[in-house]
Amino acid sequence: QRKAVEALRRGFGAQGVPVLIRAVEKGRASVRLEAIGALAQIQPPAPETIATLSKAMRDTDPAIQRAAAAALGDVGAVSVLAQALKDPDNNVRRNAVRPLRRVDIRARSSSDPAATKAVVVALADALKDPDGAVRRAAASSLGAIGPEAVDAIPRLAATTMDPDPSVRHATIEALGRIGSPAAVPVLVQALKDPRTGSLAVRALGNMGPTARGAIPALREFQTQNGPSHSGEVEAAIK
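A brief look at the structure comes next.

Cut-offs and rules
- Residues numbered from 1 in each chain as written.
- Predicted model: local features only at pLDDT ≥ 70, side-chain atom pairs only at ≥ 80, totals over all residues.
- Heavy atoms only, no water.
- Helix = DSSP H or I, 4+ residues; strand = E, 2+ residues; numbered from the N terminus.
- Buried < 20%, exposed > 50% of the residue type's maximum accessible area, 1.4 Å probe, protein only.
- Contact = heavy atoms within 4.5 Å.
- Areas by Shrake-Rupley, 256 points an atom, 1.4 Å probe, with all protein chains shown as cover.
- Lys, Arg positive; Asp, Glu negative; His and termini not counted.
- Charge placed at Lys NZ, Arg CZ, Asp CG, Glu CD.
- Axes fitted to C-alpha atoms, helices over the stretch in contact; angles between N-to-C directions.
- Parallel < 35°, antiparallel > 145°, perpendicular 65-115°, else oblique.
- Nonpolar A, V, L, I, M, F, W, Y, C, P; charged D, E, K, R; others polar.
- Polar contact = N/O pair within 3.5 Å; in protein donor to acceptor, adjacent residues only side chain to side chain.
- Core = buried A, V, L, I, M, F, W, Y, C linked by side-chain atoms within 4.5 Å.
- Salt bridge = Lys/Arg side-chain N within 4 Å of Asp/Glu carboxyl O.

1. A look at the overall build of the chain
Part 1: Secondary structure assignment for the chain yields 15 helices and zero strands.
Part 2: Looking at the chain as a whole, 48% of its 238 residues qualify as buried.
Part 3: Considering only residue pairs separated by 6 or more positions, the chain has 58% of its internal contacts joining residues 24 or more positions apart.
Part 4: For the chain, the accessible surface area stands at approximately 11,600 Å², while carbon and sulfur atoms represent 54% of it.
Part 5: Between the centroid of the 32 positive side chains of the chain and the centroid of its 23 negative side chains there is a distance of 3 Å.

2. Regarding the packing of helix H1 (residues 2-12) against helix H3 (residues 29-41)
Part 1: In contact at an axis separation of 9 Å, H1 and H3 are set at 10° when each is read in the N-to-C sense. The orientation of H1 with respect to H3, classified from their angle, is roughly parallel. Side by side, H1 and H3 meet where Arg2, Val5 and Arg9 of the first sit next to Ser30, Val31, Glu34, Ala35, Ala38 and Gln41 of the second.
Part 2: Broken down by class, the residue content of the contact of H1 with H3 amounts to four nonpolar, two polar and three charged.

3. A short note on the environment of alanine 235
Part 1: Here alanine 235 lies in helix H15 (residues 230-237).
Part 2: When the C-alpha atoms of alanine 235 and valine 201 are compared, they prove to be 9.1 Å apart, with 34 residues separating the residues in sequence.

4. Brief notes about the environment of alanine 126
Part 1: Mapping alanine 126 onto the fold places it in helix H8 (residues 113-126).
Part 2: Since its relative accessible area comes to 5%, alanine 126 is described here as buried.
Part 3: In sequence terms alanine 126 and alanine 137 are eleven residues apart; their C-alpha atoms lie 8.9 Å from each other.
Part 4: The contacts of alanine 126, once residues within four sequence positions are left out, are Leu85, Val134, Arg135 and Ala138.

5. Comments concerning the side chain of serine 141
Part 1: If you trace the backbone, serine 141 turns up in helix H9 (residues 132-145).
Part 2: One polar contact links the side chain of serine 141 to the main-chain carbonyl oxygen of alanine 137, over a distance of 2.9 Å.
Part 3: In this structure serine 141 touches Val97, Arg98, Arg101 and Leu123, once residues within four positions along its chain are discounted.

6. A short note on the nonpolar core
Part 1: Grouped together as the largest cluster of nonpolar side chains are 79 residues, with contacts concentrated most on Met57, Leu156 and Leu204.
Part 2: Contact partners of leucine 156, with chain neighbours within four places excluded, come to Leu127, Ala139, Leu142, Thr171, Ala174, Leu175 and Ile178.

7. Section: the pattern of salt bridges
When the charged atoms of two side chains lie near each other, side chains of opposite charge can form a pair.
Part 1: In total, this model carries 13 salt bridges according to the counting rule given.
Part 2: The salt bridge partner of arginine 202 is glutamate 232, with a shortest N-O separation of 3.6 Å. In this pair, arginine 202 sits in helix H13 (residues 197-207) while glutamate 232 sits in helix H15, placing the two residues 30 residues apart along the sequence.
Part 3: Among the salt bridges present, the one from arginine 219 reaches glutamate 234, with a minimum N-O distance of 2.6 Å. Separated by 15 residues along the polypeptide, arginine 219 in helix H14 (residues 215-225) and glutamate 234 in helix H15 bring together distant segments of the chain.
Part 4: Overlapping salt bridges, with partners in common, bring together Glu6, Arg9 and Arg10 in one network.

Right, here's the structure in full:
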């Protein structure tokens, strides 16, 4: 059955979609996973493909849920994934975050800035999610997008004070990776918080000359925190 799925993908393309959809809906677990992967590779995706993958995101099998979410990222279904980020099920929302990064990769390869913007908006909204794992993944994904995620900086600024340490860490790192001048005052403010000070030092250093205006704040941080942080501050300033 798995070989049949592969043959349908390779030899029939869009003609094989109805059969692959039936395999997703009725096959055994290993066949369903193969069929989901095959549907993700048949471009452009048919509307019924998107509907099937969206339904599979809410399957009882966690492996099917994850595979369907990843497939939606591969076919560029940003609106479906953005909607999934509002699902009451924590697992659905968790599975929806990282595939949005796949949408962004696809959008860049096809020169589709509108899709990247939609991804950034969806991820910025996810920073308010009640689940810490979703917030952390959203922050990390925004950092991976880099400079194109500049519009998310106001939301990331609020997340620097998140009660979850892993979310704060991901947020500070993301601000450094985005590398925009707009991130500098946010990171300077983060220097004043003992929970995020060292993280902000590294993030500012990673930004390079863009963060040159933060040097006085880094010197002040160095003075207030003594020799234990002197090396990392000097490295950042250099």
